[in-house]
Amino acid sequence: MTKLTGFLPPALARPFAALGGLLFLVAAMLPWATFLLNDGAFPDKATLQFFDAPFELTGYRWHLLLFGALVLIATFVPTPGKARVLRAFGWGGLAISVISAIFIAGKGGGIGAITSADGNFALGPIVGALGGIALILSAGAMPLPDIPQWPTKIFARMGPRGRGLAWLILLVAFAAVLYLVSLTLTAGGIGGAAFPYAGPIFLAFLGFAGGLVGALHGMGVTGWIARLSEEYRAFSIIVLLLCAFALPFTDAGSQYWMQVAATIGVYAATAIGLNIVVGLAGLLDLGYVAFLGIGAFVAANLSGAAASTVGWNVPFPVAALISAAVAGAFGAVVGSPTLRVRGDYLAIVTLAFGEIFYRTALNNIGDLTGGSNAIPGIPAIEMFGKPFNEPITFLGTDLPSGVLYYFLIVLVVAAVMAVFANLKNSRIGRAWIAIREDEDAARAMGIATGRAKILAFMCGATLAGLAGAIFAHKLGSASADSFKFLESVTLLAAVILGGMGTIPGAVLGASLLFVLPEKLREFEDYRLLVFGLALVFIMRFRPQGLVPDRVRRAEFAGETAEGKPIEEVQEQAVLEQELELEREHEAPSGPKEAGR
Amino acid sequence: MGTLLQQIANGIVLGATIGLIALGYTMVYGIIQLINFAHGEVFMVGAFGGLAVYRWVLPAAWQEMWYVALPLMLLGGVIVAVVIAVLMERFAYRPLRNAPRLAPLITALGVSVALQEAVRLWFPDADAAQPFPRVFVDAEINLGPVEISASELLLIVVSIGLSVLLQTYVSQSRMGRAMRATSQDRDTARLMGVNPDRVIVLTFILGAALAGVAGVLYGSNITNIDNSIGFQNGIFAFTAAVLGGIGSLRGAVIGAFIIGLIKSLGGQYLPGGTQYDYVWIFVVLILVLVFRPQGLFGDVERVRA
């Protein structure tokens, strides 16, 4: 990406930006495939059918049209963070075009499908991709601005009316997030044979959403909202929770998506727990899924399932607490080697613990895990006389089965987030971050590093155990195969992809890693391959993740919190220092002493 | 008594396989302090490379003549393993050489998963275990109460022979001296006219070649392979390398034999039987890392724990 910078002379930046926007507009209007694909029209009338209803633009072409219009506006109207905005739109549009091009060409039989065949022309994908490239080049030719820092204090100064305004802004923002999540979940349908185009539509939608969010980020809007919600914290938390609870009432409220969302919730809670260990304390844990497993098996044994040998049936909240406590105790055991072992050796120790757990669970140790038969038939959670796997009617709306699990998971994830956020800003959280940055220095500053590290493992494991209890009930069975090494790697990947040490990062990472396979069923065989390669590429090109922690970002990517390359900032500092020195030479000692 | 001796023999055979892989681990770690998690997959890919040569390159008449078939299969396995390892070093690890230490480890995990999946997807029928021909002479040798097959004997001989050869190469040759210099201090080595990039690539090549040999011999000994053999044996080998003192060639081989013995004897005599033999190895791994991270032969100050 750095090579693209300065490829164009600055004078051409604006014409190229305008060109890119125009190309997007044109591409949206062009047909995208020269003939009807075998599985039916490519969604949203990408084939020549389009001309039957020329003014109906839907789906990704509508997104591209929107991008084109926004790019033209951003080019000619002074926009904060212009180069960043254009760059985001460029990559988003490029993604939409390339994904659709690959899919149409792959499914429809070759390059002819996206150029010309049978006397028809369909240059949409190519024009769109060219537009994206033009935009990226143009953004590279402009000076990269700082991400604007919009003021947030003005609302407080305006008194009660200002607060109302701030609340309104936050409400709109969170509603938009809810809408985006719902759209993302439903984009392209479920995936699999019945929805042949689910994969490409979903990926193209991700391109659109990514471009849009990236542009907003470049303008400083997302950062502003984040700081604003920080300022009105209680209100934001309530609204966010309400939004999460509102998801079943949107288009995404089908039984299928509620199930998926609940599963994502379980993994998100686990990922946040892992984030304490890896993101905050900087201890790489390669066997983390074992704690999820311990929680699941404990809950399974206490659930009254026929296969459980403990024969002790307790209500779910108690079982969940016991699961969490047991997992936490194991966390302390696994964490104890941290007293002597560091770095990648520690990673290997945790891997060994994870494998020991998997092997012993597979061998049905103490008749507690059911071995290869697993523990089947775990009854659904029952609280307030209502089994959680039944549909309910709420506020006159019929909600599908599984929605209660979703609500429960939302509460748990919210609780886990609260724990994480408070820990991060607490004394122990700062100790963890200090250990992550430099363990010896942290110890020299008086931090009891051993205790802090074991505590990190315990906290993470407790959260995972809690998630595991829900996991077992929701799934209805607990099997050693759900807790393999690969699952640990997946969780780790979720944390890294999202961004180490941040809450939205862990949630986003878990969502992506568990929604994508659902959407891309037809490529299910390639899931792990892509996953492995993705790990390699993330580490190579964006090791700080999608939502980087401010400190992490500086460390991993060489950028400051404002998104400026660190080298530049350092050069700037050196230059300023030199200037200062020169000034001192010119005006000898007098003023300096006066300054003191 | 007979069982004990037989299990010891089994352990030594396993140790011979692990030793060849462990050498690659220990060399790479010694030079760039990277736990090359994907090294086990290099072994696996080598085994599949040998199988590919047998299936699609060798004419039917040559398949019967082990003195033709085996060297060619070894060559095939080694070439495939080396190519994969060099690509891996060049495109996955080299760009991360100055990154924080966890980044290359995570990359290595990714490479490992990707290689396993690539073999499963693209090697014909490799989504199930594949039969591997017993290329070498199919004979049993009786040594009193112990019975050992010719292939197993070959594995032991080749393993020890190659280890000695490697040890000699590293301690005697000019390039070996460059390797040792690079592992001690890369920057100073560069000042002394050593090209660290070349040395590192050579290290990967040597390790991969040994893993390739191990893969082919392992296949012809066990007579069936699948895409997960790399992960298992890779973990064993890593444990062996740590046990012997990571960075030490002699330690890796001795550690491998110890691990082999622990697995076979633990499976025989410890509670739980063979189902738990893996567990003992991981327990040993944890104990060694916690209580003697420098291993049996490692230098104390070289350990970056």
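Residues numbered from 1 in each chain as written. Chains lettered and ligands numbered in written order. Predicted model: local features only at pLDDT ≥ 70, side-chain atom pairs only at ≥ 80, totals over all residues.

### Some points on the overall build of chain A
Logical step 1: When helices and strands are counted, chain A shows 23 helices and 6 strands.
Logical step 2: In chain A, which comprises 596 residues, the share counted as buried stands at 49%.
Logical step 3: Taking the contacts inside chain A whose residues are at least 6 apart along the sequence as the reference set, 77% of them involve residues at least 24 apart. (Helix = DSSP H or I, 4+ residues; strand = E, 2+ residues; numbered from the N terminus. Buried ≥ 20, exposed ≤ 12 C-beta atoms within 10 Å, placed from the backbone. Contact = placed C-beta atoms within 7 Å.)

### Structural notes on the overall build of chain B
Logical step 1: When helices and strands are counted, chain B shows 12 helices and 4 strands.
Logical step 2: Over its C-alpha trace chain B gives a radius of gyration of 19 Å, about what one expects of a compact globule, namely 19 Å for 305 residues.
Logical step 3: With respect to the principal axes defined by its C-alpha atoms, chain B has extents near 55 × 45 × 35 Å.
Logical step 4: Counting only residues that meet the buried cut, chain B has 53% of its 305 residues in that class.
Logical step 5: For chain B, the proportion of contacts with a sequence separation of at least 24, taken over those separated by at least 6, is 76%. (Rg over C-alpha atoms; globule rule 2.2 N^0.38 Å.)

### Thoughts on the nonpolar core
Logical step 1: In terms of nonpolar packing, the biggest core is built from 239 residues, with A456 of chain A together with A81 of chain B touching the most fellow members.
Logical step 2: A total of 17 residues in this core trace back to one element, the largest contributor, which is helix α10 (residues 255-280) of chain A.
Logical step 3: The two domains that each donate at least three residues to this core are domain 1 (2-225) and domain 2 (261-393 + 427-527) of chain A.
Logical step 4: Setting aside chain neighbours within four positions, we find A456 of chain A in contact with I276, V277, L280, A281, L283 and W432 of chain A.
Logical step 5: Ranked by size, the runner-up nonpolar core spans 50 residues in total, among them Y60, A88, L94 and L130 of chain A. (Core = buried A, V, L, I, M, F, W, Y, C linked by C-beta atoms within 7 Å. Domains from an automatic or database assignment.)

### So, the pairing of strand β3 (residues 146-149) of chain B
Logical step 1: Pairing geometry for strand β2 (residues 140-143) of chain B and β3 of chain B, over 4 bridges, is antiparallel. Pairing of I141 of chain B across the sheet is with I148 of chain B, part of β3 of chain B. (Pairing = 2+ DSSP bridges.)

### Some points on the confidence of the model for chain B
Logical step 1: When pLDDT is averaged along chain B, the result is 86, and 97% of the positions lie at 70 or above.
Logical step 2: Low pLDDT, under 50, characterises residues 301-305 of chain B; the stretch is placed with 11 contacts to residues that sit more than four places away or in other chains. (pLDDT = per-residue confidence, 0-100.)

### With respect to the packing of helix α2 (residues 59-76) of chain A against helix α7 (residues 198-219) of chain A
All names here are of chain A.
Logical step 1: Close contact between α2 and α7 brings their axes to 10 Å; oriented N to C, the two are set at 20°. By the criterion of interaxial angle, the relationship of α2 to α7 is roughly parallel. The handedness of the crossing between α2 and α7 is left-handed. Between α2, through G59, Y60, H63 and F67, and α7, the contact on the second element is made entirely by I201, A204, F208 and G211. (Axes fitted to C-alpha atoms, helices over the stretch in contact; angles between N-to-C directions. Parallel < 35°, antiparallel > 145°, perpendicular 65-115°, else oblique. Left-handed = near helix turned anticlockwise from the far one by under 90°.)

### What about the environment of P337 of chain A?
Logical step 1: For P337 of chain A, the position within the fold is in the loop between α12 (316-335) and α13 (343-362).
Logical step 2: For the pair P337 of chain A and K453 of chain A, spaced 116 residues apart in the sequence, the C-alpha separation amounts to 9.8 Å.
Logical step 3: Among all residues touching P337 of chain A, those that are not within four sequence positions of it are L346 and V349 of chain A together with I286, L289 and V290 of chain B.

### A short note on helix α1 (residues 2-32) of chain B
All names here are of chain B.
Logical step 1: Taking 1.5 Å of rise per residue, the 31 residues of α1 would be expected to cover 45 Å, and the 45 Å separating its terminal C-alpha atoms lies within 8% of that figure.
Logical step 2: Along α1, the sharpest change in direction is near 25° and occurs at G19.
Logical step 3: Most of α1 sits inside the fold, with 23 of its 31 residues counted as buried. (Expected span 1.5 Å × (residues − 1). Bend = angle between axes of the 7 residues up to and from the residue.)

### Description of the interface of chain B and chain A
Logical step 1: On the side of chain A, 33 residues touch chain B, which itself brings 34 residues to the contact.
Logical step 2: Among the elements of the structure, α5 (102-122) and α12 (277-291) of chain B are those that each provide at least two residues to the side of chain B that touches chain A.
Logical step 3: The biggest single contributor to the side of chain B that touches chain A is α5 of chain B, with 13 residues.
Logical step 4: In terms of residue class, the side of chain B that touches chain A is built from 27 nonpolar, 4 polar and 3 charged. (Nonpolar A, V, L, I, M, F, W, Y, C, P; charged D, E, K, R; others polar.)

### Some remarks on unusual backbone geometry
Residue and element names in this part refer to chain B.
Logical step 1: One non-glycine residue, Q33, adopts positive backbone phi at about 50°.
Logical step 2: Locating Q33 in the fold gives a position in the loop between α1 and α2 (39-57).
Logical step 3: Backbone geometry places T223, a non-glycine residue, at a positive phi of 65°.
Logical step 4: By the secondary structure assignment, T223 is in the loop between α9 (196-222) and β4 (224-225).
Logical step 5: Using a count of 15 C-beta atoms within 10 Å as the deciding quantity, one classes T223 as partly exposed.

### Here's the deal with the packing of helix α14 (residues 403-424) of chain A against helix α17 (residues 449-475) of chain A
Residue and element names in this part refer to chain A.
Logical step 1: The geometry of α14 relative to α17 is characterised by a closest axis approach of 12 Å and an angle of 180° between their N-to-C directions. By the angle between their axes, α14 is roughly antiparallel relative to α17. Facing α14, whose interface residues are Y405, L408, I409, V412, V416, V419 and L423, α17 presents C459, L463, L466, A467, I470 and K474.
Logical step 2: When grouped by side-chain class, the residues that make up the contact of α14 with α17 number 12 nonpolar, no polar and 1 charged.

### A closer look at the environment of I32 of chain B
Logical step 1: Residue placement: I32 of chain B occurs in helix α1.
Logical step 2: On a C-alpha basis, the gap between I32 of chain B and A129 of chain B in space is 34 Å, while along the polypeptide they are 97 residues apart.

### Re the environment of G219 of chain B
All names here are of chain B.
Logical step 1: Along the polypeptide, G219 turns up in helix α9.
Logical step 2: On the basis of neighbour count, G219 is assigned to the buried category, with 29 C-beta atoms found within 10 Å.
Logical step 3: In this structure, the C-alpha to C-alpha distance between G219 and P133, residues 86 residues apart in sequence, is 7.7 Å.
Logical step 4: Excluding anything up to four places from it in sequence, G219 contacts A47, G50, L51, F132 and I225.

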